[in-house]
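# Architecture and fold: a report
Listed here are the chains, written in short residue letters.
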Amino acid sequence: MLAVLLPALFLLAMTHARPSDAQDQRAAARARMVAEIAAMARETGGETGRPKFGDAVMAAMAKVPRHRFVPFLQEAFAYENRPLPIGEGQTISQPYIVALMTDLLDPKPGDTVLEVGTGSGYQAAVLAELVGKVHTIEIVEPLAKRATQLLGELGYRNVEVRIGDGYGGWPAAGPFDAIIVTAAPAAIPQPLVDQLKPGGRMVIPVGGSSEVQQLLVVEKQSDGRTTTKRTLPVRFVPLTGDRGAKR
């Protein structure tokens, strides 16, 4: 009962707080979240090769209002460093994982990026702070529609959301400087590799639903060949529509 009551009281207090007070509290919560992300980066740097995330990535994590991307009853937990349910059987990723995957992409201001798995739109918003254009695909229509509306409300004009199966990518918008996949296929989808520019990279969790998933960094060479590097074991929802999934 207490576990239910405390978030409700927090939300009630935030609702009745002056707008400036609420903004200050959320800014402070984001700052604590960013500090925890930095600490985790140091702890996992030996495995990821990223003991410190780029300043631009950390600034984006400090800026994007994660509480807007979770359901109302989850707002009290929005800046905790853990995944949260967003409805339709999907989750918003742990902030550390969002920051890690973003940093592993090495995003550049003029890049065109494909995201497979829009979810709530949070990862797309973080990317939108860093690159020129984000194309993002979501197969769950209610999530795609909510993300489209929210990203528009927040002023992210460089994000385009498409409803559909992301396994095949978005050929008409490619090729892409970088691709990020926020759900796990059983194997790396070849259509996504094909849509990656030479010199580009893809960050993707891979593994079947009963397997240990690995977060991979796939780099495409100038001759079209790819190299793959493992970073961390992770846990993501399966890539819906994954043609390579084990049944």
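Analysis parameters
Residues numbered from 1 in each chain as written. Predicted model: local features only at pLDDT ≥ 70, side-chain atom pairs only at ≥ 80, totals over all residues. Heavy atoms only, no water. Helix = DSSP H or I, 4+ residues; strand = E, 2+ residues; numbered from the N terminus. Buried < 20%, exposed > 50% of the residue type's maximum accessible area, 1.4 Å probe, protein only. pLDDT = per-residue confidence, 0-100. Contact = heavy atoms within 4.5 Å. Pairing = 2+ DSSP bridges. Right-handed = clockwise from strand over helix to strand, strands pointing away. Axes fitted to C-alpha atoms, helices over the stretch in contact; angles between N-to-C directions. Salt bridge = Lys/Arg side-chain N within 4 Å of Asp/Glu carboxyl O. Phe/Tyr/Trp six-rings, centres within 6.5 Å; stacked < 30°, edge-to-face > 60°. Lys NZ or Arg CZ within 6 Å of the ring centre and 35° of its normal. 1 Å grid on protein atoms, 1.4 Å probe; cavity = no way out; pocket = protein on both sides within 12 Å on 5 of 7 lines; lining within 4 Å. Points joined across faces, edges and corners; volume = space filled by probe spheres on them.

## Examining unusual backbone geometry
Note the cis peptide between G174 and P175, where omega equals 0°. Residue position: P175 is located in the loop between β5 (159–163) and β6 (176–181). One non-glycine residue with positive phi stands out, namely E88, at about 60°. By the element assignment, E88 lies in the loop between β1 (84–87) and β2 (90–92). Its relative accessible area of 45% is what places E88 among the partly exposed residues.

## Remarks on the confidence of the model for the chain
Taken over all residues, the pLDDT of the chain has a mean of 91, while the share at 70 or more is 89%. With pLDDT under 50 throughout, residues 243–247 is counted as low confidence; its partners more than four residues away or in other chains account for nine contacts.

## Remarks on the side chain of Q90
Locating Q90 in the fold gives a position in strand β2. The contact partners of Q90, leaving out residues within four places of it in the chain, are L84, P85, L143 and V237.

## Quick notes on the pairing of strand β3 (residues 112–116)
On any regular strand, side chains alternate: one points to one face of the sheet, the next to the other face. Within β3, five of the five residues are buried, which leaves the element mostly enclosed by the surrounding structure. One ladder, built from five bridges, connects β3 with strand β4 (residues 133–138); its direction is parallel. Bridge pairing links L114 to H135 in β4. With respect to chirality, the unit in which β3 leads through helix α5 (residues 122–128) into the neighbouring parallel β4 is right-handed. Strand direction decides the pairing type here: β3 and β6, joined by four bridges, are parallel. What sits directly across from V113, in β6, is A178.

## Examining the sheet that holds strand β9 (residues 226–234)
Read from one edge of the open sheet, seven strands run β5-β4-β3-β6-β7-β8-β9, paired in mixed fashion. The sheet is open, and its two borders are formed by β5 and β9, each paired with just one other strand. This sheet shows a mean twist of 15° between the axes of neighbouring strands, independent of strand direction. Sheet strands touched by helix α6 (residues 141–153): β4 and β5. Its angle to β5, the strand with the most contacts, is close to 165°.

## Considering the pattern of salt bridges
The tally for this structure, following the rule as stated, stands at twelve salt bridges. Salt-bridge contacts for R26 lead to E75; the nearest nitrogen and oxygen are separated by 3.5 Å. A residue pair is termed long-range when its members are at least 10 positions apart, and R26 in helix α2 (residues 19–48) and E75 in the loop between α3 (55–63) and β1 qualify at 49 residues. You can call R26 partly exposed: its relative accessible area is 21%. Owing to a relative accessible area of 19%, E75 belongs among the buried residues under this scheme. Linking K145 and E141 is a salt bridge whose minimum nitrogen-to-oxygen distance equals 2.8 Å. You can see K145 and its partner E141 sitting in helix α6, four residues apart, about one turn around the helix. Several salt bridges converge on common partners, so that one network encompasses R50, D103, D106, R201 and E219.

## Here we look at the packing of aromatic side chains
Applying the stated rule across the entire model yields two aromatic pairs. An angle of 25° between the planes, with centres 6.1 Å apart, marks the rings of F53 and Y96 as stacked. One end of the pair, F53, is in the loop between α2 and α3; the other, Y96, is in helix α4 (residues 95–105), with 43 residues separating them in the sequence. Taken individually, F53 and Y96 each receive the classification buried, so the pair is uniform in this respect. The residue whose ring lies beneath R66 is Y122, and the NZ or CZ to ring-centre distance is 5.7 Å.

## Comments concerning the layout of surface pockets
Its boundaries defined by the atoms lining it, the largest pocket holds a volume of some 570 Å³. In terms of lining, the largest pocket is formed by 33 residues, of which the most central are T91, S93, T182, F236 and V237. Elements with a contribution of two residues or more to the lining of the largest pocket: β2, α4, β3, α5, β4 and β9. Counting residues per element, the lining of the largest pocket draws most heavily on β2, which supplies three residues.

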